[in-house]
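Report on the structure
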Amino acid sequence: MTRSGNRNDRLWMYATMVKSRHFEALIKPAYFEGKTPVFNMAKGPLPGEMHLSDGQEPCAVGVCAHLTAGDTVTATHRPHHIAIAKGVDLNGMAAEIFGKATGLSGGRGGHMHLFDARVNFACSGIVAQGLGPAVGAALAAKLRGEPHVAVAFLGEGAANQGAFHEALNLASVWRVPVVFVIEDNGYGISVSKRACTAIARNADRAAAYGMPGHFVAGNDPDAIYAVAGATIARARRDEGPSLIEIETYRLEGHFIGDAEGYRPGGEVDGLKAIDPIPLYRARLLADGFDAADLDAVEVEARNLVAAAFAAARAAAYPEPQEAFTHVFA
Amino acid sequence: MSSPEPPAAARRLTIARAISEAIGQEMARDPSVLVMGEDIAKLGGVFGTTTGLLDRFGPERVRDAPISETAFIGAAVGLAAAGMRPIVELMFVDFFGVCMDAIYNLAAKQCYFSGGQVTCPMVLMTSVGGGYGDAGQHSQCLYATFGHLPGMKVVIPSNAHDAKGLMLAAIRDPNPVIFMYHKALQGMGWLGTVQRSITDAPEGDYIVPIGEAACVREGDDMTIVGLGLSVHHALDAAKSLAAQGISAEVIDLRTVAPLDRVTIRASVRKTGRLLVVDDDYLSYGIGAEIIASVCEDPTITLRARPIRIAHPDIPVPFTPVMEHFVLPDAAKVVAAATILMETDR
Amino acid sequence: MTDVPIPADLWSADDVAAISAWLYDDGDSVQAGAVIAEIMVEKSSYELIAPATGKLQIVVPAEAVVTQGQVAGRIE
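Residues numbered from 1 in each chain as written. Chains lettered and ligands numbered in written order. Predicted model: local features only at pLDDT ≥ 70, side-chain atom pairs only at ≥ 80, totals over all residues.

Now for the nonpolar core. The biggest cluster of nonpolar side chains holds 147 residues, and the ones touching the most others in it are Phe179, Ile224 and Leu275 of chain B. Broken down by element, the residue count for this core peaks at eight residues, all from helix H7 (residues 160-172) of chain B. For this core, the domains that each give at least three residues are domain 1 (12-200) and domain 2 (214-342) of chain B. Sequence-distant contacts of Leu275 of chain B, defined by excluding residues within four places in its chain, comprise Met222, Ile224, Ile307, Val333, Ala336, Ala337 and Leu340 of chain B. Ala83, Phe153, Tyr225 and Leu243 of chain A belong to the second-largest nonpolar core, a separate cluster that totals 88 residues. (Core = buried A, V, L, I, M, F, W, Y, C linked by C-beta atoms within 7 Å. Buried ≥ 20, exposed ≤ 12 C-beta atoms within 10 Å, placed from the backbone. Helix = DSSP H or I, 4+ residues; strand = E, 2+ residues; numbered from the N terminus. Domains from an automatic or database assignment. Contact = placed C-beta atoms within 7 Å.)

On to the interface of chain B and chain A. Residue-level contacts link 34 residues of chain B with 40 residues of chain A. If one sorts the elements of the side of chain B that touches chain A by residue count, helix H11 (residues 320-326) of chain B sits on top with five residues. Of the residues in the side of chain B that touches chain A, the class split is 18 nonpolar, 11 polar and five charged. (Nonpolar A, V, L, I, M, F, W, Y, C, P; charged D, E, K, R; others polar.)

Residue and element names in this part refer to chain B. Annotation of chain B at the domain level lists domain 1 (12-200) and domain 2 (214-342). For domain 1 versus domain 2, the separation of C-alpha centres amounts to 26 Å. Contact with domain 1, which involves 27 residues of that partner, is made by 24 residues of domain 2. For the side of domain 1 that touches domain 2, the secondary-structure elements that each account for two or more residues are helix H6 (143-148), strand S6 (153-155) and H7. In terms of residue count, H6 provides more of the side of domain 1 that touches domain 2 than any other element does, four residues in total. In the side of domain 1 that touches domain 2, the residues fall into 14 nonpolar, 10 polar and three charged.

Take the packing of helix H1 (residues 15-29) of chain B against H7 of chain B next. For any two helices packed against each other, one specifies the inter-axial angle together with the distance between the axes. Residue and element names in this part refer to chain B. H7 packs onto H1 with a crossing angle of 30° between their chain directions and a minimal axis gap of 8 Å. Put simply, H1 runs roughly parallel to H7. The hand of the H1/H7 crossing is right-handed. Along the contact surface, H1 presents Ile15, Ala18, Ile19, Glu21, Ala22, Ile23 and Glu26, while H7 presents Ala160, Ala163, Lys164, Met167, Leu168 and Ile171. Grouping the constituent residues of the contact of H1 with H7 by class yields 10 nonpolar, no polar and three charged. (Axes fitted to C-alpha atoms, helices over the stretch in contact; angles between N-to-C directions. Parallel < 35°, antiparallel > 145°, perpendicular 65-115°, else oblique. Left-handed = near helix turned anticlockwise from the far one by under 90°.)

Take helix H10 (residues 286-295) of chain B next. By the burial criterion, the buried members of H10 of chain B are Ile286, Gly287, Glu289, Ile290, Ile291 and Val294 of chain B. On the buried face of H10 of chain B, the contacting elements are H6, strand S10 (222-226), helix H9 (261-271), strand S13 (274-281) and strand S14 (307-311) of chain B.

With 13 residues of chain C at the interface, the matching set in chain B holds 11 residues. Breaking the side of chain C that touches chain B down by element, the ones donating at least two residues are strand S2 (17-22), strand S3 (29-30) and strand S4 (35-41) of chain C. In terms of residue class, the side of chain C that touches chain B is built from six nonpolar, five polar and two charged.

And the structure:
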């Protein structure tokens, strides 16, 4: 386990994890507004599904610490922590999730379809759909001679989808600067990884595609930072793609409201006891960071999130006829 | 004198329960039936279609699959070719993009390419429909997409009675049957409840034939054709129209393919007015097909030009003000029916 | 007259439960053993089973919050 990351980066990682967790903490009660007593998914200010990222923050910050606005990230139906780490406009993101006119897509996409072209971030609700586009973005950078990379985030379930096989093979054949990052949280919806994946380590699948595979244990931001840094640097040197498999966990259900009957008793409580954010704070303090500095970044992070939510709540809904615009350019 | 026995109580089910009951009854009767898909074992399906089946039949016949639709649907086709009767769940019809080859090129053409030597007795059950904020990749209907392609049957029940009967028919059919169930009608509670979809469903064995539409409300002034959720919009509208003295006949398609043109034409021949309502995309859709089928019949005289109501040709928007603006509903049906009545030829 | 209570011990008493749907209308005949309503707790659903055969009287309407042991209906 390395503690040697750049000091500023480590502070940024902590602040961003706090920001991300606070975002989810405000989403959850908002999601339940209007949905009680009978949980009706259509009701309230946040209708539809909601997939929270509590617990998976280290994956986002450990990777995105090495990325610039010009680097592309594609993500999944569980995108909030990654979007925040990538620098997606927080106000636009909150407003989009609330379906407001000021949202990133004016309310057309919602929580699973967040796009921010300024920072080259996109996410999708179809499993493994982001892998192909990441290969394409990486190829564009290579053709244009730009030093940019693409990162595709996926869950461990997506590694069993055909698009995974095709995208990794193609990335190697064309030697494009892409890194595939698997957030292994142990479950698809209700089915555990063990029950649906033929091998224990998805990192081992990298060999089938002629690229290095790395497994990172323990949901550790610094360890993720180190491996991500190496693979992203490799890509920027035009040495080709890599696969990273991160052992992480989700503290919430697959979607909010998931009764999680498939998780063994005590599992979630055990995970809460090793919540990566307080653990990282303790480690930073042990490494000589000033508690006052950590408190200050926490306060700033929470304020930014609170402001984004307030603005989202206050913003107007779009005119219904706006549904018909932007179907075509 | 003792009071007479109360009449035998009707047995009400939600569509979700009707589906799982049908599958369970057929699995008990026929050992070649098995069911697979994502989260269909312990969870009983995200939409309740396989509740209780794992406990009854075990993991060999009730199989959770990895997120590998092409593989497990392809495997289902292989099982069917080998003489078994697989039921596969595609969790959301929107996911057909990752596995359509196995469906329309493989399952649907197996009988044809083999000249009848090899059939494909497979049921692909899948959730359709939106209206609850799940956005453009989880809210689609795609009736026309599947209905358009040869070699597969496509059904969609509007109530529990038909759901059970159609599922039993589908499992016994030697052809691939796409069994669509509308999320708004499952009776899952967390997707809202359409009370009219909760109907009597006999406990024993019965079939609702594939390829037969049903007249669910008789009328003389117009024919309103719907399927799945839009049947309920049509029935709600018909009730409002009746209060205005307009008598609307409502046809529940029940099967998209093969389309029951005979029943539809007979109804419009009688009423002279046609309104089709569905929540799939408009162009090249259900309404277009039904209107064309009626117009090309020389024995039908229309009293007004036909009207079709559908979701416009745009991705399903997330934010509710947009989504509900574009989705069909009873009010839109009433408005269209009013126009139909005004334009007598 | 038989009471139809909300089941106890199927979920934590702290969780909010509500009847999401009555499968029968007030006054309908129901059979003992039939599922007559669905109860939602968070996103899980539980069955309310008729303890007797007869005419259903709905006491607690759909979408109302219920507590364990509360009489949701009666059958006579």
